[in-house]
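Coordinate inspection notes
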Amino acid sequence: MTREKLSPRLISWASVLEPKTREQAVRTARMPFIYPHLALMPDAHLGKGATVGSVIPTLGAIIPAAVGVDIGCGMIAVRTQWHEDQLRAAGSLRALRESIEGAVPVSAGGYNRRLTDTARDRVATLEAKAAAAGFDPASYAGNWRLQLGSLGSGNHFIEVSVDETGAVWLFLHSGSRGVGNKIAQHHIAVAAELCRRWWIELPDRDLAYLVEGTDEFWAYVRELRWAQDFAAANREEMMDRVVAAVADHMGEPVDETERVNCHHNFTEQEQHFGKSVWVSRKGAIRARAGDAGLIPGSMGTASYVVTGKGDALSLDSSPHGAGRNHSRSAARKLFTREQLREAMAGIEYRDTDAFLDEIPAAYKDIDQVMADAADLVEVRHVLHQVVNVKGD
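Residues numbered from 1 in each chain as written. Predicted model: local features only at pLDDT ≥ 70, side-chain atom pairs only at ≥ 80, totals over all residues. Heavy atoms only, no water.

Structural notes on the layout of surface pockets
Rule in force here: Think of a 1 Å grid over just the protein atoms. A cavity is a set of points where a 1.4 Å probe fits yet cannot get out, a pocket is an open set with protein on both sides within 12 Å along at least five of seven lines, and lining residues have an atom within 4 Å of a point. Grid points are joined across faces, edges and corners, and a volume is the space filled by probe spheres set on the points. Secondary structure is summarised from DSSP: a helix means a run of H or I of at least four residues, a strand means a run of E of at least two, and numbering begins at the N terminus for each. Each residue is assigned to one of three groups, with Ala, Val, Leu, Ile, Met, Phe, Trp, Tyr, Cys and Pro labelled nonpolar, Asp, Glu, Lys and Arg labelled charged, and all others, Gly among them, labelled polar.
Counted as a void, the largest pocket has a volume near 920 Å³. If you list the elements that add at least two residues to the lining of the largest pocket, you get helix H2 (64-67), strand S7 (157-162), strand S8 (167-174) and helix H7 (177-197). Ranked by the residues each element gives to the lining of the largest pocket, the list is headed by H7, at four residues. Taken together, the residues that form the lining of the largest pocket break down as 13 nonpolar, 22 polar and nine charged.

This is how it looks when you write it as structure tokens:
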């Protein structure tokens, strides 16, 4: 067991923890409204304000930066009826990759030119939810409708993978895109201004918070929930397109034997240790007993389909991925394109320097992360990629 109490209100499951990450988590855990304690996941690493890989339960307040700027970021996976041998026999994996890249806009500024029928239905639902929440998403991003069904860049990806039985899975990682980012940035700024106006001294300005009961707090909660819904719908829309591309490749419809969709940057109101608290998971998934979850490794390594164990001290949570060992800028200086090619051997991907900062060596060892998480989740399937799609 790797669980360790690092301070009166900080419990860690990370066997490998960089000193600055620990210091950051300790600062957050000292905020007066943390209850009962902050839970630090095995993949924890330095973040903006709050640590990535932390579960932050708060009474009567929310720290917008503790959710981060990619509200609702998370994973979706579909298990298909096919075996790896059938996938490879059906045709070129490069053609499949290019088909997926043609169906889903990738990269930071890549959005749709028109709405698909499924996107139109999802947009209508989101329009109704925004109206009920009392705000217009277009005030943040005029093209938010065309953002639905787009991937983004950085560590966002689409993969075709196979599990330990050879079963083919479709797997992707994305969030609430530009509109979610704008919503987050606005409320982070509001929280900072209110703390300045109220003469509240903070150990880190990114720990600025909104107080429950104020108009600003509830405006954030309403728009946060909408952005989380947008992120989930965004993943569903993209997955439908990936399913269609794979169906074309295989020459028959996909029989979805399982579909899992989960956030790992989000806030929900939950009951823990006898009280109702706002739980902000910044780089962590909810892992109540029986919850299905997805934990990706870095590109070129393993990913996991898991079931939560409902560990009370972790606040029913688990890690969300490998967690970075090196910053993006450091990774670009440390590693070469040839090393990336070696790491991606046998995987169909777009060979470009743009992905150097995503090389597996820039991340923690996902196997160690999962070993540290043994009390938090049960591993159901281990996936390995055969096709990888990323944005520049």
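Focus: the packing of aromatic side chains
Two aromatic rings are characterised by how far apart their centres lie and by the angle between their planes. Just so we agree on the cut-off: Classification of ring pairs uses Phe, Tyr and Trp, with its six-membered ring standing for Trp, and accepts pairs whose centres are within 6.5 Å; under 30 degrees between planes counts as stacked, over 60 as edge-to-face, and the remaining range as tilted. The classification of residues rests on relative accessible area computed with a 1.4 Å probe and restricted to protein chains. Under 20% of the type maximum is buried, over 50% is exposed, and intermediate values are partly exposed. Over a ring means this: the NZ of a Lys or the CZ of an Arg is within 6 Å of the ring centre and within 35 degrees of the ring normal.
Scanning all chains against the criterion turns up ten aromatic pairs. Taken together, a centroid distance of 6.3 Å and an interplanar angle of 65° make the contact between tryptophan 144 and phenylalanine 230 edge-to-face. With tryptophan 144 in helix H6 (residues 144-147) and phenylalanine 230 in helix H8 (residues 215-250), this pair connects stretches of sequence that are 86 residues apart. Across the pair, phenylalanine 230 and tryptophan 144 agree in class, each one buried. Summarising the aromatic geometry, the rings of phenylalanine 217 and tryptophan 278 are spaced 5.4 Å apart at their centres and angled 75° between planes, so their arrangement reads as edge-to-face. In this pair, phenylalanine 217 sits in helix H8 while tryptophan 278 sits in strand S12 (residues 275-282), placing the two residues 61 residues apart along the sequence. Phenylalanine 217 gets classed as buried once you look at its relative accessible area, which sits at 0%. Assessed through its relative accessible area of 2%, tryptophan 278 is described here as buried. Members of the aromatic cluster, each reached through a chain of ring pairs, are Phe135, Tyr140, Trp144, Trp226 and Phe230. Positioned above the aromatic ring of tyrosine 35, the side-chain terminus of lysine 275 is 4.7 Å from the ring centre.

Topic: helix H1 (residues 19-29)
As a reminder, the rule being used: Contacts between residues were defined by any pair of non-hydrogen atoms, one from each residue, lying within 4.5 Å.
Buried residues of H1: Thr21, Gln24, Ala25, Val26, Thr28 and Ala29, and no others. Those residues of H1 that are buried lie in contact with strand S1 (4-7), strand S2 (10-12), strand S3 (38-45) and strand S4 (52-58).

What to know about the pattern of salt bridges
Let me state the cut-off plainly: In the sections that follow, a salt bridge refers to a side-chain nitrogen of Lys or Arg positioned within 4 Å of a carboxyl oxygen of Asp or Glu.
Tallying each qualifying case throughout the model produces 26 salt bridges. Of the charged contacts in the structure, one is a salt bridge between aspartate 240 and arginine 259, with a shortest N-O distance of 3.0 Å. Of this pair, aspartate 240 sits in helix H8 while arginine 259 sits in strand S10 (residues 258-263); the two residues are 19 residues apart in sequence, bridging distant segments of the chain. Judged by relative accessible area, aspartate 240 falls into the partly exposed class, the value being 27%.

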